[in-house]
Amino acid sequence: MDVGIHRSVRQIFPPGHLRELIADVGSVAVVPDDRPVEDCDALVTFAYEPAFLDADLDWIHSVQAGVDRFPFEDLSDRGIRLTNSTGIHGDAVGETVFGYMTSFARRLHVYRSNQERREWGPPAWDEAFTLAGQSVTVVGLGTLGRGVASRADCLGMHVTGVRRTPTPVDHVERVYTPTDLTEAVADARFVVLTVPLTEETRKLVGEFELDAMRSDAYLINVARGAVVDQAALLDALESGGLAGAALDVFEDEPLPADSPLWEMDDVVVTPHVAAATRDYADRIAALVRENCRRLEAGRSLANEVV
Ligand code: NDP
C-alpha cells in the first residue's frame, strides 16, 4: 500500500518520525511542501485541503480526534473513507484537566505569576480549596470525558456527566442527556467540555448555560472553541458570573494577541496542547498500521467516520 504523510502533521510531531514508525506497512512517503498529494492510496494528515478530494485517495486518516474541518458529504460522494484518532487521548487530556483543576483549587497559577515578579503573596484565608468533595460535570463521556471522570473520582470529587445515550459510565454518579444540560451544570464547581464539534454542539454553552452555572464555578474547555459562545463567556468572566476558565481551544487559533482572555487572572490559556505527549506518533502509528491491515483485508476500518 502507498501511504502519504501530509506535511501538516508537523503541527504535532515530525512527519519523518511517523514514516519510520510505519515503514513496514508498504511504501510510505512524506508529501513534500511544494507538491500536491498524489500517487498514494492513503493519506495521514492534520490539515484538510480541498485538493485531497481530487487526489484519488481511498482513505484519509486524521491525526486528531476532532474531524470537524473535513467535508463528510464530499468525501462520501468520492468514496474516500475518513478515520479519526479518537481513543488515544484519555490519559494526556485527563491529566491536563486534572492539572487545571488542581491549579484553580490550590492557586498554583497565581503563585507562578507572582514568582515572575519575585512576589511572596499568600492567598486570602478563604481563597484556596481542595478538590476532594467538589462537584464536576463532564460534558461528553467518550475517551476524553472518561479520562477526566476517572481521575476526578480518584480525587474524591462528585462526578456528573452528559452524553447522548444516558447509560451508566464508570466513575460517573449520574448521567444526563443534552436536553438537561442546564440542570447538569447548575451545581458543579467545575464544568469540563469534552464533546466533538458538531451541528448539535456548536455554541452548546452560551449565555443561558453560563447563567445557570454557579458564580464560583470554573469552565474548562478541551473540546473545540466553537462549542462555547466566546462573547457570552467573556461577559460571564468580566461580570463575575464565573470564577474562571481553563481554555485549550478557541474559535480563532492562535488566540489573537488582543484577546482580553490573555490578561485575566483566573483564566488559564493553553495553546491547544491538552493532548500533547511525546508518545503521540507511536499511538498514531498503531492506528494506521491496524487500518492498513483492515483495508487490505477488505474489512471495516477502526474509528471510521465516513
Ligand atoms: P469520543 O467520540 O470518544 O466521545 C465523544 C463524547 O461526546 C461521547 O460520549 C458522545 O456521546 C458525546 N457527545 C456527542 N455529541 C454530544 C452532544 N450533542 N451532547 C452531549 N454529548 C455529546 O471523542 P473523544 O473523547 O476522543 O474526543 C472528543 C472531542 O474532543 C474531539 O472530537 C475533539 O474535538 C476534542 N479533542 C481535543 C483535544 C485537545 O487537544 N484539546 C484532543 C482530543 C480531542 P455518546 O457517548 O452518547 O456517544
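Residues numbered from 1 in each chain as written. Predicted model: local features only at pLDDT ≥ 70, side-chain atom pairs only at ≥ 80, totals over all residues. Heavy atoms only, no water.

Residues G244 and A246 of strand β11 (residues 244-247) are buried on one face, and the alternating residues A245 and L247, pointing to the opposite face, are buried as well. With 4 bridges joining them, strand β10 (residues 218-221) and β11 adopt parallel strand pairing. Among the inter-strand pairings, N221 is bridged to a residue of β11, identified as L247. The parallel pair β10 and β11, bridged by helix α8 (residues 230-239), forms a crossover whose chirality is right-handed. Two elements, β11 and strand β12 (residues 267-269), share 3 bridges in a ladder whose sense is parallel. (Buried < 20%, exposed > 50% of the residue type's maximum accessible area, 1.4 Å probe, protein only. Helix = DSSP H or I, 4+ residues; strand = E, 2+ residues; numbered from the N terminus. Pairing = 2+ DSSP bridges. Right-handed = clockwise from strand over helix to strand, strands pointing away.)

In this section: the sheet that holds strand β3 (residues 42-45). Reading across from one edge, β2-β1-β3-β4-β5 is the order of the 5 strands in this open sheet, with parallel pairing throughout. Strands with a single pairing partner mark the edges of an open sheet, and in this sheet they are β2 (27-30) and β5 (81-83). Pairwise comparison of adjacent strand axes, ignoring direction, gives a mean angle of 20° for this sheet. Sheet topology note: the β3/strand β4 (residues 59-62) ladder contains 4 bridges and is parallel. Residue A42 lies in a different strand from β4, and its bridge partner there is W59. Packed onto the sheet, helix α9 (residues 280-296) meets β1 (2-5), β3, β4 and β5 and runs at close to 160° relative to β4. (Axes fitted to C-alpha atoms, helices over the stretch in contact; angles between N-to-C directions. Contact = heavy atoms within 4.5 Å.)

What follows is about the UniProt feature "domain: D-isomer specific 2-hydroxyacid dehydrogenase catalytic" (unreviewed entry) in the protein chain. The feature "domain: D-isomer specific 2-hydroxyacid dehydrogenase catalytic" (unreviewed entry), as given by UniProt, occupies residues 37-305 in the numbering adopted here. Secondary structure content for residues 37-305 is 31% helix and 14% strand, while the C-alpha to C-alpha distance between its ends is 21 Å. (UniProt positions renumbered as here; feature names shortened; annotations may be inferred.)

We now examine the side chain of T201. Structurally, T201 is set in the loop between β9 (190-193) and α7 (207-212). In this structure the side chain of T201 is engaged in a polar contact, spanning 2.6 Å, whose partner is the backbone oxygen of P196. For T201, the side chain forms a polar contact with the main-chain nitrogen of T198, separated by 2.8 Å. Not counting residues within four places of it along the chain, the set of residues in contact with T201 comprises V195, P196, A226 and V227. (Polar contact = N/O pair within 3.5 Å; in protein donor to acceptor, adjacent residues only side chain to side chain.)

Right, let's get into the packing of helix α3 (residues 90-106) against helix α5 (residues 143-154). Look at α3 against α5: their axes get within 8 Å of each other, and the N-to-C directions meet at 50°. The angle between the axes of α3 and α5 places the two elements in the oblique class. The interaxial crossing formed by α3 with α5 has right-handed handedness. In this structure, α3 contributes G90, D91, V93, G94, E95, V97 and M101 to the contact, and α5 contributes T143, L144, G147, V148, R151 and A152. Each residue belonging to the contact of α3 with α5 can be placed in one class, and the counts come to 6 nonpolar, 4 polar and 3 charged. (Parallel < 35°, antiparallel > 145°, perpendicular 65-115°, else oblique. Left-handed = near helix turned anticlockwise from the far one by under 90°. Nonpolar A, V, L, I, M, F, W, Y, C, P; charged D, E, K, R; others polar.)

Burial analysis of strand β7 (residues 158-162) places 4 of its 5 residues in the buried class, which makes it a mostly covered element. As defined by bridge partners, strand β6 (residues 135-139) adjoins β7 across 5 bridges and the pair is classed as parallel. Note that in β7 the partner of V139 across the bridge is V162. Tracing the backbone out of β6, into α5 and back to the parallel element β7 gives a crossover that is right-handed. Inspection of the sheet shows β7 paired to strand β8 (residues 174-176) by 3 bridges, in the parallel sense. Looking at β8, one finds that T160 is bridged to R174.

Here the protein chain averages 97 in pLDDT, while 100% of its residues score no lower than 70. Two numbers describe this predicted complex: its pTM, 0.98, and its ipTM, 0.99. (pLDDT = per-residue confidence, 0-100.)

Turning next to the UniProt feature "domain: D-isomer specific 2-hydroxyacid dehydrogenase NAD-binding" (unreviewed entry) in the protein chain. Mapped onto this numbering, the UniProt entry annotates "domain: D-isomer specific 2-hydroxyacid dehydrogenase NAD-binding" (unreviewed entry) at residues 99-274. Annotation note: span residues 99-274, helix share 29%, strand share 16%, distance between end C-alpha atoms 10 Å.

Further remarks concern the sheet that holds β6. Taken together, the 7 strands give an open sheet; going across it, the order is β8-β7-β6-β9-β10-β11-β12, and neighbouring strands pair in parallel fashion. The outermost strands of the open sheet, each flanked by one partner alone, are β8 and β12. Going across the sheet, the axis of each strand differs from the next one's by a mean of 15°, ignoring polarity. Relative to β9, β6 runs parallel, the two being bridged by 4 bridges.

Within the structure, the ligand sits among 26 residues, and T86, L144, R163, R164 and T165 are positioned closest to it. Here L141 contributes a backbone N or O atom positioned 2.9 Å from an oxygen atom of the ligand. R224 places a side-chain nitrogen or oxygen 3.4 Å from an oxygen atom of the ligand. Taking 940 Å² as the accessible area of the ligand by itself, protein coverage stands at 88%. (Near = heavy atom within 4 Å. Areas by Shrake-Rupley, 256 points an atom, 1.4 Å probe, with all protein chains shown as cover.)

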